Amino acid sequence: MNQKSGVLGLAVAALLLTGSVCLLPQSSATTSHPAAGARQIKPLVRVCGTSDLVERDVDLIERFIAAERRRRGFKPGQVLPANVSLGTIPVAFHCVYYDFGFFGGSEGLLTEADAQAQVDALSAAYTNVDFSLEIFTQTQNYDWFFHSPGSQAERNMKLSLGADSSEFLNIYSTGLSYVGLLGYAKFPWNQRKSPELDGVVISYDSIPGGLAPYDEGDTAVHEVGHWLGLYHTFQGGCRRRNDTVDDTPAEAAPFYGCVTAQPDTCPAPGVDPIFNFMDYSDDACLIEFTPGQVDRMNTMIQLFRPNIFQ
Ligand SMILES: [Zn+2]
C-alpha cells in the first residue's frame, strides 16, 4: 500500500467508524485536528525536510557566498544593523487542501485570517524584516496536498501557483505531515537556478492555533530562516564550523521538546541553542535568532534576493 492509498484508507476508515464527514471544519480550521485514525501517521516530533548538508557541500556554498560578497564589494566583516527592519517582504500564501468529495468535508482548508496569523507570526519573530500578506489562494488538489519534497507533484504545484519568486516569498500549506514532515524550504542561492521551486512548504496544522506542540507558527519561521540562508543550529554537529554562524554554540544533534535547563552536548564553549528558531524544539521554546544569524540573513538578502522588498 503506498502512502496516498494508506492515508485515504485511514481517512475513509475514520469516516466510516465515526460517521464524521469533516476532519477539519472550515469554520474552525486552526483549532480542529484531523481524525485520530489519520493522525497516527503524523510525526510525533519536528522533522524538517530542508537538507542537512555534508561538509563538502557547505564548503562549496560558503566559498560561493564569499565570492559573491567580493564581487559585490562587501567588506570582510561588514555588519548590517540587526535590530532595524530593512524592509517588508511580500508573501504569497497558497493553501492547498483536500476535498473528500462524495463523503463531504475537507482537510487543510485555511482561511485568509489563518494565513494572516501565520504572516504576523513571521513579522513577530524577525527583527530585520517585516512580512505582508499580499496574495492568498485556495486550491483543492489531492496530489499536491499529499506531495513529498522533490516529487513531480511539488513541481506542478509550484509551477501552477507560485508568484514571481524574485519578488515574493511563496508559502505553500499542504498535508505535509502525512509524509512525515512539518516543513521544507529552498535556500536563497538556488533561487536564480530554479526560481520556480523557490519558497517554503509547511504542514497546514503547524500554523498558529494548529496541532500542539507545533502550534505557534514557528515551523514557517524556521523554514523562512532556511529561505534566507540559515542552516540548522546542529548542522555539522560539534565540528568547529558548525552552522557557520559564530554566536550559535555547536550542538551535537537536534533538540526535541522544551526545557529551561539547556543541555551542553559539544566540548566547544556555550550550551546548546535550544531556544533558537533553527533547532527542532517545540514551538513554545523557539524564541530567538542571534545577531550573527540576522547578519547572515541580511547578507543573503542582498546577495541573492535583491528585489524581494516591496
Ligand atoms: Zn529545518
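Sequence order as written defines residue numbering, which begins from 1 separately in each chain. Whole-chain, interface and lining totals are the exception, using all residues; otherwise, since this is a predicted model, local features are given only for residues with pLDDT of at least 70 and side-chain atom pairs are given and counted only at 80 or more.

**Considering the nonpolar core**
Here comes step 1: One finds Val91, Leu122, Ile171, Val200, Ala220 and Val224 to be the most contacted residues of the largest nonpolar core, which totals 59 residues.
Here comes step 2: Listed by contribution, the elements that provide at least two residues to this core are strand S1 (88-99), helix H4 (112-125), helix H5 (142-145), strand S4 (169-174), strand S5 (183-185), strand S6 (200-203), helix H7 (218-227) and helix H8 (291-304).
Here comes step 3: Strands are runs of DSSP state E lasting at least 2 residues, helices are runs of H or I lasting at least 4, and numbering of each runs from the N terminus. At eight residues, S1 tops the list of elements feeding residues into this core.
Here comes step 4: Each of domain 1 (3-230 + 289-304) and domain 2 (242-288) contributes no fewer than three residues to this core.
Here comes step 5: Residue pairs qualify as contacts under a 7 Å threshold applied to their C-beta atoms, which are placed from the backbone. Ignoring any residue separated from it by four or fewer positions in sequence, one finds Leu122 in contact with Phe131, Ala220, Val221 and Val224. Note on terminology: a nonpolar core is any set of buried Ala, Val, Leu, Ile, Met, Phe, Trp, Tyr and Cys residues joined through C-beta atoms within 7 Å. Backbone-placed C-beta atoms define the burial measure: a residue is buried with 20 or more other C-beta atoms within 10 Å of its own, exposed with 12 or fewer, and partly exposed in between. The split of the chain into domains comes from an automatic or database domain assignment.

**Comments concerning the confidence of the model for the protein**
Here comes step 1: The predictor's confidence in any single residue is recorded as pLDDT, a number from 0 to 100. Per-residue pLDDT for the protein averages 84, and the proportion of residues at 70 or more is 83%.
Here comes step 2: This stretch, residues 1-40, has a pLDDT under 50; its non-local contacts, to residues over four places away or in other chains, come to 57 contacts.

**A word on the pairing of S6**
Here comes step 1: Side chains of S6 alternate between two faces, with Val200 and Ile202 and Val201 and Ser203 buried alike.
Here comes step 2: Paired strands, as defined in this entry, are two strands with at least two bridges between them according to DSSP. Pairing analysis gives three bridges linking S5 to S6, with the strands arranged antiparallel. Paired with Gly183 across the two strands is Ile202, which belongs to S6.

**Considerations on the environment of Ala253**
Here comes step 1: Position of Ala253 relative to the elements: it lies in the loop between H7 and H8.
Here comes step 2: Taking the C-beta count within 10 Å as the criterion, Ala253 has 14 such neighbours and is therefore assigned partly exposed.
Here comes step 3: Along the chain, Ala253 and Gly237 lie 16 residues apart, while their C-alpha atoms are 6.1 Å from each other.
Here comes step 4: Here Ala253 is in contact with Phe234 and Thr265, once residues within four sequence places are set aside.

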